[in-house]
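# Per-entry structural report
Residue strings, one per chain:
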Amino acid sequence: MEQIKSKSRALPFSLAICGLAELPTKLERFIPSHVISITDLNDEPLDFPAPITVLRLAFFDIHAQTGMVGKMLSARDRGEYPCIGHAEIILEFGRQIPKGARLLIHCWAGVSRSTAAAYLLLCQHMHGDECSAFELLKTIRPSAQPNRLIVKFGDRLLGAERRMLRCVDR
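The present account deals with the structure reproduced in this document. Starting afresh in each chain, residues are numbered from 1 along the sequence in its written order. The predicted nature of this model means local features are confined to residues of pLDDT at least 70 and side-chain atom pairs, given and counted, to a pLDDT of 80 or more, with totals for whole chains, interfaces and linings taken over all residues. Excluded from the side-chain calculation are hydrogens and water; included are all heavy atoms of the structure.

Turning our attention to the nonpolar core. To qualify as a nonpolar core, a set must consist of buried Ala, Val, Leu, Ile, Met, Phe, Trp, Tyr and Cys residues joined through side-chain atoms within 4.5 Å. Only protein chains enter the accessibility calculation, which uses a 1.4 Å probe; a residue is then buried when its area is under 20% of its type maximum, exposed when over 50%, and partly exposed in between. Grouped together as the largest cluster of nonpolar side chains are 46 residues, with contacts concentrated most on I36, L103 and Y119. Helix numbers and strand numbers start at the N terminus; a helix is a DSSP run of H or I with at least 4 residues, a strand a run of E with at least 2. Per-element accounting of this core gives the leading share, eight residues, to helix α5 (residues 113–125). Note on contacts: a residue pair qualifies if any of its non-hydrogen atoms lie within 4.5 Å across the two residues. With sequence-adjacent residues up to four places away left out, Y119 is seen in contact with E130, A133, F134, L137, V151, M164, C167 and V168. In terms of nonpolar packing, the next biggest core, distinct from the first, is built from eight residues, A16, F30, V35 and I52 among them.

Written out as structure tokens, the structure is:
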């Protein structure tokens with residue numbers, strides 16, 4: 001089951017998550033009112049039908065900026081990867097989604113960046129119950145492996161005191 005209706009505790013909108021290969025079918029069947037489109041920096045922005053409200057984000061999928069990978073990244077390169085600004089934008093977009101909306105979130109595979117964005121929004125609406133939000137995420141997208149950097153930044157912004165990270169890491 002890759003989408004869930006707003007029956008879930010405190011979730012005022014329907015949510016679906018997919019990868020690029022699934023996107024045309026998901027657009028046709030789910031009929032979203034809102035889309036979060038996450039692509040790599042080099043990708044051309046995707047076109048969506050006019051009535052859909054779209055948040056476009058472009059950054060590469062990396063889960064940590066420490067260790068060997070972090071040491072290899074220059075200050076300029078770090079801006080091409082998940083940052084706190086991306087989490088802020090996702091959460092702000094989430095605050096603008098009206099009750100009864102149909103939100104579709106996609107990234108390249110529908111596994112990491114998109115599920116992290118969805119997890120932030122679920123935690124925003126289910127604040128204080130981050131593990132239930134993660135279980136709901138896994139119900140919506142069983143293959144979910146949320147990007148740890150996005151989760152880390154969302155955890156900080158939502159004041160979750162590392163509860164979001166603990167739920168993802170368990």
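Past the structure itself, the notes keep going.
This next bit is on the state of the cysteines. By definition, disulfides here are pairs of cysteine sulfur atoms that lie within 2.5 Å. Applying the stated criterion to the full structure yields one disulfide. Bridging C131 to C167, the disulfide has an S-S length of 2.0 Å. Measuring handedness by torsion sign, the sulfur bridge of C131 and C167 sits at about -90° and is left-handed. You can see C131 sitting in helix α6 (residues 130–140) and its partner C167 sitting in helix α8 (residues 163–169), a full 36 residues away along the chain. Looking at C131, the relative accessible area reads 29%, which means it is partly exposed. Of all cysteine sulfurs, the one in C107 lies closest to C18, which takes part in no disulfide; the gap is 8.6 Å.

Salt bridge, as used here: a side-chain nitrogen of Lys or Arg that lies within 4 Å of a carboxyl oxygen of Asp or Glu. In this structure the tally under the stated criterion is seven salt bridges. Salt-bridge contacts for R113 lead to D40; the nearest nitrogen and oxygen are separated by 2.8 Å. Taken as a pair, R113 in helix α5 and D40 in the loop between β3 (34–39) and β4 (53–58) lie far apart in primary sequence, 73 residues in all. The exposure class assigned to D40 is partly exposed, which follows from its relative accessible area of 22%. Residues R95 and E92 are paired through a salt bridge, measuring 3.0 Å at the closest nitrogen-oxygen approach. Of this pair, R95 and E92 both sit in helix α4 (residues 84–96), three residues apart, which is roughly one turn of that helix. Classification of E92 by relative accessible area gives partly exposed; the value is 36%.

Throughout, an axis means a line fitted to C-alpha atoms (over the contacting stretch in the case of helices), and angles, computed between N-to-C directions, take values from 0 to 180 degrees. It is the contact of α4 with α5, at a shortest axis distance of 10 Å, that shows an interaxial angle of 55°. Relative to α5, the element α4 lies oblique. In the crossing of α4 with α5, the sense of the turn from one axis to the other is right-handed. Residue-level contacts link A87, I90, L91, G94 and R95 of α4 to A117, L120, L121, Q124 and H125 of α5. Working rule for angles: under 35 degrees goes down as roughly parallel, over 145 as roughly antiparallel, 65 to 115 as roughly perpendicular, anything else as oblique. Definitions for this section: a left-handed crossing has its near helix turned counterclockwise from the far helix by less than a right angle. A right-handed crossing has that turn clockwise.

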